[in-house]
Amino acid sequence: MNVAIAFFCGLLFGGGLWLSGMADPANVLGFLDVAGHWNPILAGVLGGAVGVTLPGFWLLRRKGRDASGQTLNWPRRWPPDKGLVAGSVLFGVGWGLSGVCPGPALVLLGLDGAKAILLITCIALGWLVGKLGWERLYSPAVPAGTHGQSTPP
């Protein structure tokens, strides 16, 4: 059931991105070009998304369970840590340079495969570098010579 719900949500999200024009990098870059030929389409898409999402989150918080009946555990992340801020900045810079974020990149696989494969590869490499850096920063110190192996008791 969880896979079916995830599939339906992904299909709905991808269809919304395609229908709204957000799979077209020119629309996103046009929105970011506030000093030139500004295209407000993304503001409408974001406003519509927030208008649908806020009541949904309110309902989920009140109910305490998702559509499959699993208990929801809400994170408490305030104030945001350095990793979240750094990741947000990198995401924003990548989005601004390419005009594509991960959702539309997957939609683009069906529309313009070569560009999408390049973008998805870069996203995966960025994720891997971030994961390795995070593990290096926040994993407990490993004594020299043990290579992370535990010693028998």
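One can find the structure itself at the top, above this paragraph.
Quick caveat, the model's predicted, so the values are computed rather than measured.

Rules behind the numbers
- Residues numbered from 1 in each chain as written.
- Predicted model: local features only at pLDDT ≥ 70, side-chain atom pairs only at ≥ 80, totals over all residues.
- Heavy atoms only, no water.
- Core = buried A, V, L, I, M, F, W, Y, C linked by side-chain atoms within 4.5 Å.
- Buried < 20%, exposed > 50% of the residue type's maximum accessible area, 1.4 Å probe, protein only.
- Helix = DSSP H or I, 4+ residues; strand = E, 2+ residues; numbered from the N terminus.
- Axes fitted to C-alpha atoms, helices over the stretch in contact; angles between N-to-C directions.
- Parallel < 35°, antiparallel > 145°, perpendicular 65-115°, else oblique.
- Contact = heavy atoms within 4.5 Å.
- Nonpolar A, V, L, I, M, F, W, Y, C, P; charged D, E, K, R; others polar.
- Expected span 1.5 Å × (residues − 1).
- Arc of directions from axis to C-beta.
- Patch = residues over 30% accessible without salt bridge, like charges linked within 9 Å, V, L, I, M, F, W, Y side chains within 5 Å.
- Areas by Shrake-Rupley, 256 points an atom, 1.4 Å probe, with all protein chains shown as cover.
- Salt bridge = Lys/Arg side-chain N within 4 Å of Asp/Glu carboxyl O.

## Some words on the nonpolar core
Line of reasoning, step 1. Counting 12 residues, the largest nonpolar core is built from Leu-17, Met-22, Ala-23, Val-28, Phe-31, Leu-42, Val-100, Ala-105, Val-107, Leu-108, Ala-116 and Leu-119.
Line of reasoning, step 2. Looking at this core, the elements with two or more residues in it are helix 2 (25-32), helix 5 (102-111) and helix 6 (113-138).
Line of reasoning, step 3. Broken down by element, the residue count for this core peaks at three residues, all from helix 5.

## A closer look at the packing of helix 2 against helix 4 (residues 82-98)
Line of reasoning, step 1. Packing of helix 2 against helix 4 brings their axes to within 8 Å, and their N-to-C directions diverge by 110 degrees. On the basis of their axis angle, the class for helix 2 and helix 4 is roughly perpendicular. Here helix 2 contributes Pro-25, Val-28, Leu-29 and Leu-32 to the contact with helix 4, which in turn contributes Trp-95, Gly-96 and Ser-98.
Line of reasoning, step 2. Class assignment for the residues of the contact of helix 2 with helix 4 results in five nonpolar, two polar and no charged.

## Some words on helix 1 (residues 2-20)
Line of reasoning, step 1. With 19 residues, helix 1 should reach 27 Å at 1.5 Å per residue; the first-to-last C-alpha distance of 27 Å fits that figure.
Line of reasoning, step 2. Residues Gly-14, Leu-17 and Ser-20 constitute the buried set of helix 1. Summarising the axial view, the buried residues of helix 1 lie within an arc of 140 degrees, below the 170-degree limit, and thus occupy one face. Exposed and facing more than 90 degrees away from the buried side of helix 1 are Phe-7, Phe-8, Leu-11, Leu-12, Trp-18 and Leu-19.
Line of reasoning, step 3. At the exit of helix 1 stands Gly-21, carrying a positive phi of roughly 90 degrees.

## A few points about a nonpolar patch on the surface
Line of reasoning, step 1. Nonpolar side chains collect at one region of the surface, where Val-85, Val-89, Val-93 and Leu-97 lie side by side and expose about 380 Å² of accessible area between them.
Line of reasoning, step 2. Looking at where Leu-97 falls in the secondary structure, it is placed in helix 4.
Line of reasoning, step 3. Taking the relative accessible area as the measure of exposure, Leu-97 reaches 72% and is therefore exposed.

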